[in-house]
Amino acid sequence: MPRVVPEYKEDAKRRIIAAAIDVIAQRGCEGMTVDDVAKKIGVTKGAVYWYFPSKEELMTAVLDSLQAEIRQVTYESFYNRPAEDLLMQIFDRFAVVDPKKRVVFFDMLTLANRNSQVRHAIREYYDGLVATFESAVTREKKKKFIQTQADPHHLALMLAALYSGLQNYDMLMMHQDELRELWREGVRILLKSSYSGTYGEK
């Protein structure tokens, strides 16, 4: 058996996941087949199964890729910037910019009621989102830039609920600028931010 170069393997996975997102956006999770995904990128069905042994594993990988985008925001440079900036970046990265991925996510959310593997992946997605919010809130509370007595985990859960609710409005074609402003105002209310002067000034 020929040796698989790691870089090629990761690139192949990314291409398969991207194709799966396109197909799910068009046909829904239950309408998507591995054969559709294979045809989308011009490979055999067996080649897709080589990387993802089942349709459910491929859908889980799609969700993992969406969650990875949120994790990437966490690692970007926000050291000397308010938590609001981080939360706006999260919103812009996934909620507004790519409506196709949003459609895929909500279709999977519906499927989660009937598919335990997808339900588990959805739960992990939300756990990652909440952890991102909680990390930002905890950091800002330690620096005294957020004046609130709320428990960081409970606050993170409320931020995730606000985030998810705004996705519903986006699905109903609310203007993106209005959604961003609602998110910004909601974050300010929940965080009860108290910034004085330029961030980081004495």
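Because the structure is a prediction, the values reported are computed rather than measured. (Residues numbered from 1 in each chain as written. Predicted model: local features only at pLDDT ≥ 70, side-chain atom pairs only at ≥ 80, totals over all residues. Heavy atoms only, no water.)

1. Side note on the confidence of the model for the protein
Link 1 in the chain: Taken as a whole, the protein shows an average pLDDT of 80; of its residues, 82% reach a score of 70 or greater.
Link 2 in the chain: Helix α2 (residues 34–41) holds the highest mean pLDDT among the elements of the protein, 94, whereas helix α5 (residues 83–96) holds the lowest, 72.
Link 3 in the chain: Below pLDDT 50 for its whole length, residues 1–5 participates in 2 contacts with residues either more than four positions away or in separate chains.
Link 4 in the chain: With pLDDT under 50 throughout, residues 194–202 is counted as low confidence; its partners more than four residues away or in other chains account for 14 contacts. (pLDDT = per-residue confidence, 0-100. Helix = DSSP H or I, 4+ residues; strand = E, 2+ residues; numbered from the N terminus. Contact = heavy atoms within 4.5 Å.)

2. A look at the environment of Ala-18
Link 1 in the chain: Structurally, the position occupied by Ala-18 is in helix α1 (residues 6–27).
Link 2 in the chain: You can call Ala-18 partly exposed: its relative accessible area is 38%. (Buried < 20%, exposed > 50% of the residue type's maximum accessible area, 1.4 Å probe, protein only.)

3. Side note on the UniProt feature "DNA-binding region" (unreviewed entry) in the protein
Link 1 in the chain: Under the feature "DNA-binding region" (unreviewed entry), the UniProt entry names residues 33–52.
Link 2 in the chain: Between the first and last C-alpha atoms of residues 33–52 the distance is 12 Å; the span itself is 75% helix and 0% strand. (UniProt positions renumbered as here; feature names shortened; annotations may be inferred.)

4. Description of the pattern of salt bridges
Link 1 in the chain: Following the criterion strictly, the structure yields 5 salt bridges and no others.
Link 2 in the chain: Here Lys-100 makes a salt bridge to Asp-22, at a shortest N to O gap of 2.5 Å. One end of the pair, Lys-100, is in helix α6 (residues 99–111); the other, Asp-22, is in helix α1, and 78 residues separate them in sequence.
Link 3 in the chain: Given the relative accessible area of 36%, Lys-100 is considered partly exposed.
Link 4 in the chain: One salt bridge in this structure joins Arg-27 and Asp-36, with 2.9 Å as the shortest N-O distance. (Salt bridge = Lys/Arg side-chain N within 4 Å of Asp/Glu carboxyl O.)

5. Observations concerning the packing of aromatic side chains
Link 1 in the chain: According to the stated counting rule, one finds 7 aromatic pairs in the structure shown.
Link 2 in the chain: The interplanar angle of 40 degrees and the centroid separation of 6.0 Å between the aromatic rings of Phe-133 and Trp-183 together place this pair among those described as tilted. Note that Phe-133 is positioned in helix α7 (residues 116–142) and Trp-183 in helix α9 (residues 176–191), a separation of 50 residues in sequence. Comparing Phe-133 with Trp-183 shows no difference in burial state: the two are buried.
Link 3 in the chain: With 5.8 Å between their ring centres and 70 degrees between their planes, Tyr-163 and Trp-183 make a pair best called edge-to-face. Of the two residues, Tyr-163 sits in helix α8 (residues 152–171) while Trp-183 sits in helix α9, which places them 20 residues apart along the sequence.
Link 4 in the chain: Judged by relative accessible area, which is 0%, Trp-183 ranks as buried. (Phe/Tyr/Trp six-rings, centres within 6.5 Å; stacked < 30°, edge-to-face > 60°.)

6. Considerations on the packing of α7 against α8
Link 1 in the chain: Their axes nearest at 8 Å, the elements α7 and α8 cross at an angle of 125 degrees. When the interaxial angle is binned, α7 and α8 end up oblique. When the axes of α7 and α8 are compared, the crossing they make is right-handed. Listed contacts from α8 to Tyr-125, Tyr-126, Leu-129, Val-130, Phe-133, Glu-134, Val-137, Thr-138 and Lys-141 of α7 are Pro-152, His-153, Leu-155, Ala-156, Leu-157, Leu-159, Ala-160, Tyr-163 and Ser-164.
Link 2 in the chain: For the contact of α7 with α8, the per-class residue count stands at 13 nonpolar, 3 polar and 2 charged. (Axes fitted to C-alpha atoms, helices over the stretch in contact; angles between N-to-C directions. Parallel < 35°, antiparallel > 145°, perpendicular 65-115°, else oblique. Left-handed = near helix turned anticlockwise from the far one by under 90°. Nonpolar A, V, L, I, M, F, W, Y, C, P; charged D, E, K, R; others polar.)

7. A closer look at the nonpolar core
Link 1 in the chain: One finds Met-108, Phe-133, Trp-183 and Leu-191 to be the most contacted residues of the largest nonpolar core, which totals 55 residues.
Link 2 in the chain: With 9 residues, the single largest contributor to this core is α7.
Link 3 in the chain: Excluding residues within four positions of it along the chain, Phe-133 makes contact with Leu-87, Ile-90, Ala-156, Leu-159, Ala-160, Tyr-163 and Trp-183. (Core = buried A, V, L, I, M, F, W, Y, C linked by side-chain atoms within 4.5 Å.)

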